[in-house]
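# Coordinates in review
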2 protein chains.
Amino acid sequence: MSHLVRTVEVVEIRFSLFYEHQLPRPWADGREARLYQDALDQIEIADRVGFDAVWEVEHHFLEEYSHSSAPEVFLAAASQRTKRIRLGHGIVQLPPAVNHPARVAERIATLDLVSQGRVEFGTGESSSSAELGGFGVRRGEKRAQWQDAIDAVTRMFVEEPFAGWNSPYLRMPPRNVVPKPVQKPHPPLWVACSRRETIQFAARNGIGALSFSFVEPEDAAKWVDEYYRIIESDECVPAGFAVNPNVCVVLPMMLHEDEATAIDRGIDGAHFFGFALAHYYGTTPHDPGRTNVWEAFEERRAAQGFDRDQVIANAQALRVNVGSLRGAIGTPDQVADLIRRYENVGVDQIGFVLQAGTNKHEHICEALELFGKTVLPRFTEGREEREAEKAARLAPAIGRALERRAPARSLPVGYRMDEDAEVARAHRGPRLRRPTLSDVRHEARHRVRRGLFTIVHNASDEAIERRFGPRAQRVFFGAMARAFDPSMSGGFEGDIDFRLTSADGSAAVWTMAIADGRAHARPGPSRSPAVTLTASVPDFLRVLAGDANPASLLMDGRLKVRGDFELAPRLSGMFGGPSPY
Amino acid sequence: MSHLVRTVEVVEIRFSLFYEHQLPRPWADGREARLYQDALDQIEIADRVGFDAVWEVEHHFLEEYSHSSAPEVFLAAASQRTKRIRLGHGIVQLPPAVNHPARVAERIATLDLVSQGRVEFGTGESSSSAELGGFGVRRGEKRAQWQDAIDAVTRMFVEEPFAGWNSPYLRMPPRNVVPKPVQKPHPPLWVACSRRETIQFAARNGIGALSFSFVEPEDAAKWVDEYYRIIESDECVPAGFAVNPNVCVVLPMMLHEDEATAIDRGIDGAHFFGFALAHYYGTTPHDPGRTNVWEAFEERRAAQGFDRDQVIANAQALRVNVGSLRGAIGTPDQVADLIRRYENVGVDQIGFVLQAGTNKHEHICEALELFGKTVLPRFTEGREEREAEKAARLAPAIGRALERRAPARSLPVGYRMDEDAEVARAHRGPRLRRPTLSDVRHEARHRVRRGLFTIVHNASDEAIERRFGPRAQRVFFGAMARAFDPSMSGGFEGDIDFRLTSADGSAAVWTMAIADGRAHARPGPSRSPAVTLTASVPDFLRVLAGDANPASLLMDGRLKVRGDFELAPRLSGMFGGPSPY
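Reading guide: rules and limits
- Residues numbered from 1 in each chain as written.
- Chains lettered and ligands numbered in written order.
- Predicted model: local features only at pLDDT ≥ 70, side-chain atom pairs only at ≥ 80, totals over all residues.
- Heavy atoms only, no water.
- Helix = DSSP H or I, 4+ residues; strand = E, 2+ residues; numbered from the N terminus.
- Buried < 20%, exposed > 50% of the residue type's maximum accessible area, 1.4 Å probe, protein only.
- Contact = heavy atoms within 4.5 Å.
- Areas by Shrake-Rupley, 256 points an atom, 1.4 Å probe, with all protein chains shown as cover.
- Axes fitted to C-alpha atoms, helices over the stretch in contact; angles between N-to-C directions.
- Parallel < 35°, antiparallel > 145°, perpendicular 65-115°, else oblique.
- Nonpolar A, V, L, I, M, F, W, Y, C, P; charged D, E, K, R; others polar.
- Buried area = accessible area lost by both parts, 1.4 Å probe.
- Polar contact = N/O pair within 3.5 Å; in protein donor to acceptor, adjacent residues only side chain to side chain.
- Phe/Tyr/Trp six-rings, centres within 6.5 Å; stacked < 30°, edge-to-face > 60°.
- Lys NZ or Arg CZ within 6 Å of the ring centre and 35° of its normal.
- Least-squares fit on C-alpha atoms with pLDDT ≥ 70 in both.
- Pairing = 2+ DSSP bridges.
- Expected span 1.5 Å × (residues − 1).
- Core = buried A, V, L, I, M, F, W, Y, C linked by side-chain atoms within 4.5 Å.
- Salt bridge = Lys/Arg side-chain N within 4 Å of Asp/Glu carboxyl O.
- Lys, Arg positive; Asp, Glu negative; His and termini not counted.
- Right-handed = clockwise from strand over helix to strand, strands pointing away.
- pLDDT = per-residue confidence, 0-100.
- Left-handed = near helix turned anticlockwise from the far one by under 90°.

A few words now on the overall build of chain A. Check the secondary structure of chain A and you find 21 helices and 16 strands. Taken over 581 residues, chain A has a buried fraction of 65%. Taking all contacts inside chain A whose residues are at least 6 apart in sequence as the whole, residues at least 24 apart take part in 76%. Taken as a whole, chain A presents about 20600 Å² of accessible surface, with 52% of it coming from carbon and sulfur.

The following block contains the structure:
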């Protein structure tokens, strides 16, 4: 694992709000309308007290977790209630089956026009079964669709006319896509990142990283360094026609002068956020219109590590492993301290989630006012100057990066609109490509995880242990080795030991040896493991099935990590685990 | 042709604004932003002075004619600048290749939430080559796609969860589409109508008719009667879960106490609107990003009947055939008189187009203020009472109609979200159906018209006459007979005579005999023609090719109609002519 020299100076930190429009059941009449009106009121306050941006998600069919399915509409409404706050799509789902790329370009440009140039264009792929299944997007193809669509959309902003497209995901003849955005060449681009690898991916594409993995400041340091190293390297080939070098991390937040009050007001929301995210992005069964996520949360929150009392008991400071669960819930001093730690490692922006679960509108408004009065002023001095310095420092590298991007094209010579030929071409041949080997592997992994889930979900520890004897272990670790995704390993080579304890005090140990881009499982311990994970059989399986939260197990000591601590959070991704974006 | 007994009482009339966001070339920097900000300012005035609704189109790639490609964004912005004005999509394009039905439902609901229940949900198919070719929508399929999508979308509003869809145009598994609209069961539905037949179609679907054909009040009478007769008949099977019995006609408008000033300020805009509409909805060649529509307008407006001087000379009153070209451009008394005539025939709403061509923002604002002060008050007295009477009168019929609509469904028993199976199903088999015979005929008609266009466009009268000798006439009228679409004839049976005059004073006469749903062409006059159309050969061909405006030819006497005057405007549609929606 390479250890990078830190090249980033402390530059500045900006603050944003992040909205999912959560609405736990039961749903009384008028609650959705209230939710939306409250959010607009909150954003008006945020604009007034000095927040820099508001991010609004695009999620479909994720009842309770997110009723924000048309952020283009909500942000446009917010544009007329605010003067200077920037309006971020966090994110637009780019697979063309969800949003036709021309419609995306049109909406971004129109939002930029009505807001007089305040749009931040966040992009992503989504990865919940509700959304991929709902729109028929293949899991294995969505990254390729993102890459294809962002190229097309950014060309629609700058090409007059857009010179047309012919890919496995989009066929479109030349057209002048109007209107054009106010910001030239286009609003700043971002991509949703849930893993370190996606942050590298953001850097390679020269766009901002919106990180949703609730990462601790000290872990963020290496990510940020790596991000800026890539931005300044030849690896950076911008996806758009401008580079947006920024890293934003998202955290739950609630603020009050009294710590216990802050926790009391904010912790259920933060916990529901985490629980419902795991519900939709893991493999928990969901019956549309029937499953009651809030009830499930109340029943199972403690079991999944979202234990209210536990948090209050540990609440001296927002340090080590508390951040992941508690985020920025605390007093102005505590929150300012946490922010300073992110600022110190070069994070550019923190996106705060206040509207979550059943958090109350009045409390959110109070927290925003308090933040504007007591926290924000500590971070604004000299900010513009430092940002100007950062821009000047990166300018030469960005100039070189932009030269690597394929330029805007002209209209093909002799092209004239021709409906009949164009429609025929759109329908010719298979509209979407055949699944590749990678798709198949991707989808197989998903099926394995789902199978595992049905074994552990709602089963007792004893029942799980009984079913996970030596033979099952062999099958399981074998499948895990086959699911290994070298692109997610960040170049790691070495041994990972899994130490599975049983109720009777015995332990089974398995070694996963990673070398040359492959993983190999064998029983017994390694001589020199890079990392050793210890957990009970049931907890281990629950984590891998997406039915338990590893951070919370870590926190209450049910999951122990020895060795390369940094590797632990990446394990799920390396073996095909879930990601919320 | 059946003559109906008028059953409609004068009920009420409401006023709306209608926006295309027109932006003639040349395009200076910042013009699009100005256009959008001006429109928001205008709508704020309209809200204050008492307009009832603002309609915003959705058009794609129609540079100069319409830069309103994301009305969902614009209307959401308008929602926060206004208090009570209703916000209409005029219209949402429903073919799924343009807008996925779930995205449509989500956006409508979100707009209804941020506006606190002020949405009017206009729908349509679009029919420009720029849009159909751009999104790959088959001309022959778009009506079927509309019918399919409106059924799905309205179910998404009321079904919890939406129970899924499997049609040739949309496959979607069960999902709870959130949020839900404020208005229950959903916002009022409308459909864009460009021909009398579409208005019947609106009535059969139990939804409002948004008529864009600039129809004279006295012609509108029969349309309105027919509309309400169908609404109250067994033919009405609602497309949604509520009936919206309303007819709205759209007219260009400009108002000033001095008539000449009103014309001076508004006529170029109205004319450019008509010219650019013909440009995009006819078969005029268009090079994306290159064709300069405003320049073409300035060069050819007089030739196409958009003659500025002609209008001023004829401007005593807004009567007979002036409405089509001049609309509601005049003094408060003239405009009030025109409105009264629409009101008298039972039109429910007039949508005024003020932002058109190069019309000036200040003039539009002045006209809106003047309208609110001098015209609107003449129509508000007793309006609520009359509307309540209308609602009470229609209630029993609407109740019966709603019983004919297939009800909301429940979640299929045992259904559980299953990404893998759902995605596989979405990609199984041909995604879109094969073209039918009707598609082929539809597309063939389009090709014939395009071929005709290349003959007449920019050709001199002499050249056209030379190419249209007896043999060409035989071929041409034969093709026209084959293109006859009985569904557009409104049950007409009888003979139509075409009298084509040549420069040398001679005339060729052809009879198109219509009986039993077929048309037959033969040379020579009919004994008892239902209608006789007389025009020069070049003018006749230009009208049929979409290269000249029949209303303007009528107005300056170049096209003469004898007999069933009402049949004339339907001829284009009967023989496969164009429509803007």
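Turning our attention to the packing of helix α1 (residues 31–49) of chain A against helix α13 (residues 361–375) of chain A. Residue and element names in this part refer to chain A. Packing of α1 against α13 leaves a shortest axis separation of 9 Å and a crossing angle of 10°. Relative to α13, α1 is oriented roughly parallel. Contacts between α1 and α13 involve D38, D41, Q42, I45, R48 and V49 on the former and, on the latter, H361, I364, C365, L368, E369 and G372. Of the residues in the contact of α1 with α13, the class split is 5 nonpolar, 3 polar and 4 charged.

Right, let's talk about the interface of chain B and chain A for a bit. If you look at the interface, chain B gives 80 residues, while chain A gives 80 residues. Interface area for chain B against chain A, summed over the two sides, is near 6900 Å², with a carbon-plus-sulfur share of 59%. Taken as a group, F61, R103 and E419 of chain B account for 10% of the area that chain B buries against chain A, more than any other trio of residues on that side. Here chain B and chain A share 36 residue pairs in polar contact (both at pLDDT 80 or more) between them. Where the side of chain B that touches chain A is concerned, the elements lending two or more residues are α1 (31–49), α2 (71–79), α3 (101–114), α4 (129–135), α15 (419–427) and α16 (437–456) of chain B.

What follows deals with the environment of E106 of chain A. Mapped onto the fold, E106 of chain A is located in helix α3 (residues 101–114). Sequence separation between E106 of chain A and P181 of chain A is 75 residues; the distance between their C-alpha atoms is 8.6 Å. Residues in contact with E106 of chain A, not counting those within four places in the same chain, are V177 and V178 of chain A together with H60, F61, S69 and A70 of chain B.

Let us look at the packing of aromatic side chains. Where two aromatic rings form a pair, the distance of their centres and the angle of their planes describe that pair. Inspection of every chain in the model, using the stated rule, returns 48 aromatic pairs over all chains. With centroids separated by 6.1 Å and ring planes inclined at 25°, the aromatic side chains of F162 of chain A and W165 of chain A adopt a geometry described as stacked. Centroid distance Y227 of chain B to Y228 of chain B: 5.0 Å. Interplanar angle 80°. Geometry classified as edge-to-face. Classification of Y228 of chain B as buried rests on a relative accessible area of 3%. By way of ring pairs, the aromatic residues F15, F51, F352, F371 and F379 of chain A are connected into one cluster. A cation sits over an aromatic face here: R143 of chain A above F201 of chain A, 3.8 Å from the ring centre. Against the face of F241 of chain B rests R405 of chain B, its NZ or CZ located 3.9 Å from the ring centre.

So, on to the relation of the copies chain B and chain A. The transform that puts chain B on chain A rotates by 180° and translates by 0.0 Å along the axis, for an RMSD of 0.1 Å. Here the two chains are linked by the operation of a two-fold rotation axis. Comparing interface residues between copies, 100% of those in chain B also sit at the interface in chain A, which points to an isologous, same-surface contact.

The next thing to look at is the sheet that holds strand β13 (residues 507–515) of chain B. All names here are of chain B. A sheet is described by the order of its strands in space; here 5 strands give the open sequence β14-β13-β12-β15-β16, paired in mixed fashion. Edge positions in the sheet fall to β14 (518–523) and β16 (560–563), since each has one partner strand and no second. Adjacent strand axes in the sheet meet at a mean angle of 20° when their direction is disregarded. With 6 bridges joining them, β13 and β14 adopt antiparallel strand pairing. When the bridges of β14 are listed, T511 appears paired with R522. Docked against the sheet, helix α18 (residues 470–482) engages β12 (494–501), β13 and β14, running at close to 20° with respect to β13.

With that settled, consider helix α12 (residues 332–344) of chain A. Residue and element names in this part refer to chain A. Compared with the 18 Å implied by 1.5 Å per residue over 13 residues, the 18 Å span of α12 between its first and last C-alpha is a close match. Listed in full, the buried residues belonging to α12 are P332, Q334, V335, A336, L338, I339, R341, Y342 and E343. Backbone geometry just downstream of α12 places G346 in the positive-phi region, at approximately 95°.

Moving on, we come to the nonpolar core. Formed by 272 residues in total, the largest nonpolar core has its most connected members in F352 and F371 of chain A together with F352 and F371 of chain B. Aside from chain neighbours lying at most four places away, what touches F371 of chain B is F15, F51, M253, L255, V335, I339, F352, L376 and P377 of chain B.

Here we take up the sheet that holds strand β15 (residues 531–536) of chain A. Residues and elements named next belong to chain A. Reading across from one edge, β14-β13-β12-β15-β16 is the order of the 5 strands in this open sheet, with mixed pairing throughout. Either end of the sheet is taken by a strand with one partner, and the two such strands are β14 (518–523) and β16 (559–563). Between one strand axis and the next, the sheet turns by 20° as a mean value, whatever way the strands run. Both β15 and β16 contribute to a ladder of 5 bridges, which runs antiparallel. The residue bridging T532 from the neighbouring strand is R562, located in β16.

Glancing now at the pattern of salt bridges. All names here are of chain A. Evaluated as defined, the whole model comprises 78 salt bridges over all chains. For the salt bridge of D47 with R84, the shortest nitrogen-to-oxygen distance reads 3.4 Å. Of the two residues, D47 is situated in helix α1 and R84 in the loop between α2 (71–79) and β3 (86–93); the sequence distance between them amounts to 37 residues. The structure contains a network of salt bridges with shared partners spanning R14, D52, R383, E384 and E387.

All names here are of chain B. Mapped onto the fold, E131 is located in helix α4. For the buried residue E131, which engages in no salt bridge, the nearest side chain bearing the opposite charge is R139, 8.6 Å off. Among the polar contacts made by the side chain of E131, one reaches the main-chain amide nitrogen of H60 at a distance of 2.8 Å.

For a regular strand, the rule is simple: side chains alternate between the two faces of the sheet. All names here are of chain A. Across 8 bridges, strand β12 (residues 494–501) lies against strand β13 (residues 507–515) in antiparallel orientation. Counted as the bridge partner of T501 is A507 from β13. Count of turn residues in the β12/β13 antiparallel hairpin: 5 residues, of which G505 carries a positive phi of about 95°.

Residue G90 of chain A is joined to I91 of chain A through a cis peptide bond whose omega torsion reads 20°. Looking at the secondary structure, you find I91 of chain A in strand β3. At the junction of E160 of chain B and P161 of chain B, the peptide bond is cis and its omega measures out at 0° in the coordinates. Tracing the sequence through the fold places P161 of chain B in the loop between α5 (142–158) and β5 (165–166). Here the phi dihedral of S126 of chain A falls at roughly 65°; this positive angle occurs in a residue that is not glycine.

Attention now moves to helix α7 (residues 217–231) of chain A. Residues and elements named next belong to chain A. The end-to-end C-alpha distance of α7 is 20 Å, a good match for the 21 Å that 15 residues give at a rise of 1.5 Å each. Buried within α7 we find P217, A220, A221, W223, V224, D225, E226, Y227, Y228, I230 and I231. Those residues of α7 hidden inside the fold are in contact with α6 (196–204), β8 (208–211), β9 (247–255), α12 and α14 (383–404).

With that out of the way, let us pick up the pairing of strand β1 (residues 14–19) of chain B. Residues and elements named next belong to chain B. For β1, the buried fraction is high: 6 of the 6 residues fall into the buried class. Alternating residues of β1 divide into R14, S16 and F18 and F15, L17 and Y19, and every residue in both groups is buried. Examined bridge by bridge, β1 and strand β11 (residues 349–353) share 4 bridges and lie parallel to one another. Among the inter-strand pairings, S16 is bridged to a residue of β11, identified as G351. Here 4 bridges tie β1 to strand β2 (residues 53–56), and the two strands are oriented parallel to one another. Bridged to Y19 within β2 is E56. In this view, the connection linking β1 to its parallel neighbour β2 by way of α1 has right-handed handedness.

Take the confidence of the model for chain A next. Segments scoring low in pLDDT should not have their predicted coordinates read at a detailed level. Mean pLDDT over chain A stands at 87; residues scoring 70 or higher make up 86%. Contacts of residues 1–10 of chain A to residues separated by more than four positions or lying in other chains number 17 contacts, the stretch itself having pLDDT below 50.

Glancing now at the packing of α3 of chain A against α2 of chain B. Relative to each other, α3 of chain A and α2 of chain B sit at 25°, their axes nearing to 8 Å. The angle between α3 of chain A and α2 of chain B places the two elements in the roughly parallel class. Crossing geometry of α3 of chain A relative to α2 of chain B is assigned as right-handed. Seen from α3 of chain A, the contacting residues are R103, R107, T110, L111 and V114 of chain A; seen from α2 of chain B, they are E72, V73, F74 and A77 of chain B. Looking at the contact of α3 of chain A with α2 of chain B residue by residue, the class counts come to 5 nonpolar, 1 polar and 3 charged.

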